[in-house]
Amino acid sequence: TVQVLNLLSSLKRAHAMSTLPEVQWGLIHGLTFYQLVTSQEGQQRIETLLNALVSQGDKTLLNRISQDGDWLAQTLSKQCYLFFSSASRLTYMGFKAANDALSRPTKSPQRGLVASKAAAF
């Protein structure tokens, strides 16, 4: 239950950050606290909400939100690990690095280095 409270607090802070995508509160609307903690539907809705929040496909958006997105991924993986695991954080970091690599010139040495870093996640 503490993790759900931490999750809601983190989502509230993320909602206030203009650099992050809007929190899709509608995904958890209508669920009770008990359902968020114990039901598979609650878990799935939270997972969908978190994935939408941290894994945006637009590479320019990912680059723009990197600091706040990094904070959110780190906070969620530490305080809400039942909902957002370390593996989820590493996936976020890997996709962010891959998008960074793709944004660099094709024959650039940095592109190869950043792509290797992305693959290491």
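Residues numbered from 1 in each chain as written. Predicted model: local features only at pLDDT ≥ 70, side-chain atom pairs only at ≥ 80, totals over all residues. Heavy atoms only, no water.

Q: Hey, could you run me through the confidence of the model for the chain in this one?
A: Should the pLDDT be low somewhere, the predicted coordinates at that spot are not to be read in detail. Per-residue confidence for the chain gives a mean pLDDT of 85; residues scoring 70 or more make up 91%. Looking across the chain, the model is least confident in helix α4 (residues 59–64), with a mean pLDDT of 47, and most confident in helix α1 (residues 2–15), with 94. Across residues 57–62, confidence stays below pLDDT 50; counting only partners more than four residues off in sequence or on other chains, it has 12 contacts. (pLDDT = per-residue confidence, 0-100. Helix = DSSP H or I, 4+ residues; strand = E, 2+ residues; numbered from the N terminus. Contact = heavy atoms within 4.5 Å.)

Q: Is there a simple way to explain the packing of helix α6 (residues 86–102) against helix α7 (residues 109–120) in this structure?
A: Think of two packed helices as two axes; the pair is described by the angle between the axes and how far apart they sit. It is the contact of α6 with α7, at a shortest axis distance of 8 Å, that shows an interaxial angle of 165°. As far as their axial angle goes, α7 and α6 are roughly antiparallel. Crossing of α6 over α7 shows left-handed handedness. Contacts between α6 and α7 involve Gly94, Ala97, Ala98, Asp100, Ala101 and Leu102 on the former and, on the latter, Arg111, Val114, Ala115 and Ala118. For the contact of α6 with α7, the residue count by class is seven nonpolar, one polar and two charged. (Axes fitted to C-alpha atoms, helices over the stretch in contact; angles between N-to-C directions. Parallel < 35°, antiparallel > 145°, perpendicular 65-115°, else oblique. Left-handed = near helix turned anticlockwise from the far one by under 90°. Nonpolar A, V, L, I, M, F, W, Y, C, P; charged D, E, K, R; others polar.)

Q: Explain the packing of α1 against helix α3 (residues 40–54) to me, please; I cannot follow it from the model alone.
A: Put simply, α1 and α3 touch, their axes get as near as 13 Å, and they point 30° apart. In this structure, α1 meets α3 at a crossing whose hand is left-handed. Here α1 contributes Leu7, Leu11 and Ala14 to the contact with α3, which in turn contributes Ile46, Leu49, Leu50 and Leu53. The class makeup of the residues in the contact of α1 with α3 is seven nonpolar, no polar and no charged.

Q: Got a minute to help me understand the side chain of threonine 75 in this structure?
A: As for its placement among the helices and strands, threonine 75 is situated in helix α5 (residues 66–79). Ignoring any residue separated from it by four or fewer positions in sequence, one finds threonine 75 in contact with Ser10 and Cys80.

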